[in-house]
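Results of the structural survey
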Amino acid sequence: MSSVQPARRRRRRRWLTAALIVLVLLGNLAFNPWCARWRSLALMAGYDQAYERASVSYETGVSAEMPLAGTGLYPRLITFNADEQMSAWLGGDLRFTVDFTFADFEPWRGYSAIYDPDDPLFGAYLGAYYVQGLGREMTATEVTQVAEFDQRLLALPALGLSSRNATFDLLDSSASAIWFDDRQWTAYQASVLTNCPAHTPEGFLLSYLQFGKPPASDQQYPLCVMAAQIDVTYLPAEDLSIGLYVMTTSQDETARLHQEVSLQTQIVQRPVPR
Amino acid sequence: MRHVPASVPKPPYAGVMAAEHYEGSHVQSAEVIAAMREAGRIAADSILAAASEIRPGVTTDHLDVVTHEYLCDHGAYPASLDYRGFPKSVCTSVNEVICHGIPDARPLRDGDLVKIDSTAYINGVHGDNCATFYVGEVSEEARLLTERTREALYRGIKAVKPGRPLSVIGRVIESYAKRFGYGVVREYTGHGVHTAFHSGLIVLHYDEPMLNTTMKPGMTFTIEPMLTLGSPRTKQWDDGWTVLTQDGSWSAQFEQTLVVTETGSEILTVPSSGELIQGGEVPQPPLS
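With that out of the way, let us pick up the overall build of chain B. A tally of regular secondary structure across chain B gives four helices and 15 strands. Taking 288 residues into account, the globule formula puts the C-alpha radius of gyration at 19 Å, and chain B, at 17 Å, falls close to it. In terms of its C-alpha atoms, chain B occupies a principal-axis envelope of roughly 50 × 45 × 40 Å. Out of the 288 residues in chain B, the part that is buried amounts to 56%. Sequence separation of at least 24 residues holds for 72% of the intrachain contacts in chain B that already meet a minimum separation of 6. Element-wise, carbon and sulfur atoms account for 51% of the exposed surface of chain B, whose accessible area totals about 11500 Å². If the 24 positive side-chain charges of chain B are averaged to one point and the 35 negative ones to another, these points end up 6 Å apart.

Dropping the structure here:
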């Protein structure tokens, strides 16, 4: 007995130590600002899976594969569906999914650079729109409306600015035809006056789990001039418009991400799940 | 100094060298705004009258005469005249002169850019505006600078809405100018204008987030971006007025006086024709 007891105690101690380490790690993941990026990635993986299963791309089998590595962006696209809201916004019976990503977290910072006015990706978003059910290609006006819907009714309210107080003024736009990924696209370039996300937090927002909690700011959702580029293609068989979008505060940064991500994107068609 | 008929009331600052002192509200009454529409209309028409005379060989002094006579004939005092010692009734700024150019005997040459800045004072209020015009055939570079400066002004005006900070105007203008590598002059700004010529309210044409004045319905001010082909750094001649680019690069300017409305803004410097001054090509005089 006397020889068994210490071994059992040691095992128990080891087990307790391991449990304690796990608890500390979980606690850190849950509360430590330095772990904000890992917390965000862990939570967004679950969140994304829930939305992805009801997305346009899941149901049609068509998705935009966007290369994000090395771009300074958060390393995954997050999916959000808003069929009813978009149907009401554009009119008709539509399906709408937006995939989006934003500035990555900087090391040892508890928040994404999306909040940092000195970062080139301040207020930036990149991703893809999927609009199904229009019966035709989206018009230039509809492309603008989709972008406005995304920014003014989804993105900014999630960051704590109500859509009533959010600004989205189109300053200019132009369109041209381009060819990549073996298909024809219409490239829309625009500049837009809209709000950037810098703000001093008052209370807790769910989006802080995703972007981290911003530092105090001397500006509340300042108006920024954003350079936007949306490349739109239409897949008649699925009655699906796909828009690859980039929006940043500088023409140069938008051009860079357009080159590194949008133009390298592949539209992938997989068997539709039963 | 050109003669102003006694029937034309002078503003309180005429002949006074000291700076204006205005301590009232930046928000104006409906009566003041209505009076500013009239002052703005006369100021805009005076620019069109002067611009219709622009051609190679014409002196800027002649443009001064035309503007002066137009304003006085319509019961308005040329607000520039004797404003802190300014000797003429209009500012005419040619090529590398950014603003506050004093009309003189130099004849305009084919290919020049000339900015005409005219302010009318009537019924106790001001209308202030400026436009850039071509003298004969101008270079493509000068034409684009002119068109884009006009566009920059209208982008700035588009950004005007109650509740927004004034700084958004400069943000929009500067971001547009940067696209083309143009300089945005920083030392000279838009200003509050109404009963006072320069009320103390500052409207920057570049991004300065610390300028946190919030726009309110009834506020009246000018937006008047000055863009340059090169560096926006300025220098001033010994005359104490003429401002030009340090590097000699050409500059263009457009200006409107406007009022913040409940939903956006209203331009107050609208000519009698109802069509805003476009600048660029010289307007043809009306057929008699």
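All right, on to the overall build of chain A then. The helix and strand tally for chain A stands at seven helices and nine strands. With the C-alpha coordinates of chain A rotated into their principal frame, the extents come out at 85 × 50 × 35 Å. Across the 274 residues that make up chain A, the buried fraction comes to 50%. Taking all contacts inside chain A whose residues are at least 6 apart in sequence as the whole, residues at least 24 apart take part in 68%.

Our next topic: the confidence of the model for chain B. Summing up the model confidence of chain B, the mean pLDDT is 95 and the portion of residues at 70 or higher is 98%. As scored by the predictor, the complex reaches a pTM of 0.85 and an ipTM of 0.76.

Next up on the list: the state of the cysteines. Overall, the coordinates contain one disulfide over all chains when judged by the stated rule. One disulfide bridge connects Cys196 of chain A with Cys224 of chain A, the sulfur atoms lying 2.2 Å from each other. Of this pair, Cys196 of chain A sits in the loop between strand E6 (183–195) and helix H6 (207–211) while Cys224 of chain A sits in strand E7 (residues 223–235); the two residues are 28 residues apart in sequence, bridging distant segments of the chain. Cys196 of chain A sits in the buried class, given a relative accessible area of 1%. Judged by its relative accessible area of 7%, Cys224 of chain A is buried. There is no disulfide at Cys130 of chain B, and the cysteine sulfur nearest it, in Cys91 of chain B, is 8.3 Å away. The class of Cys130 of chain B is buried, set by a relative accessible area of 4%.

Reading the values: rules and limits
- Residues numbered from 1 in each chain as written.
- Chains lettered and ligands numbered in written order.
- Predicted model: local features only at pLDDT ≥ 70, side-chain atom pairs only at ≥ 80, totals over all residues.
- Heavy atoms only, no water.
- Helix = DSSP H or I, 4+ residues; strand = E, 2+ residues; numbered from the N terminus.
- Rg over C-alpha atoms; globule rule 2.2 N^0.38 Å.
- Buried < 20%, exposed > 50% of the residue type's maximum accessible area, 1.4 Å probe, protein only.
- Contact = heavy atoms within 4.5 Å.
- Areas by Shrake-Rupley, 256 points an atom, 1.4 Å probe, with all protein chains shown as cover.
- Lys, Arg positive; Asp, Glu negative; His and termini not counted.
- Charge placed at Lys NZ, Arg CZ, Asp CG, Glu CD.
- pLDDT = per-residue confidence, 0-100.
- Disulfide = S-S within 2.5 Å.

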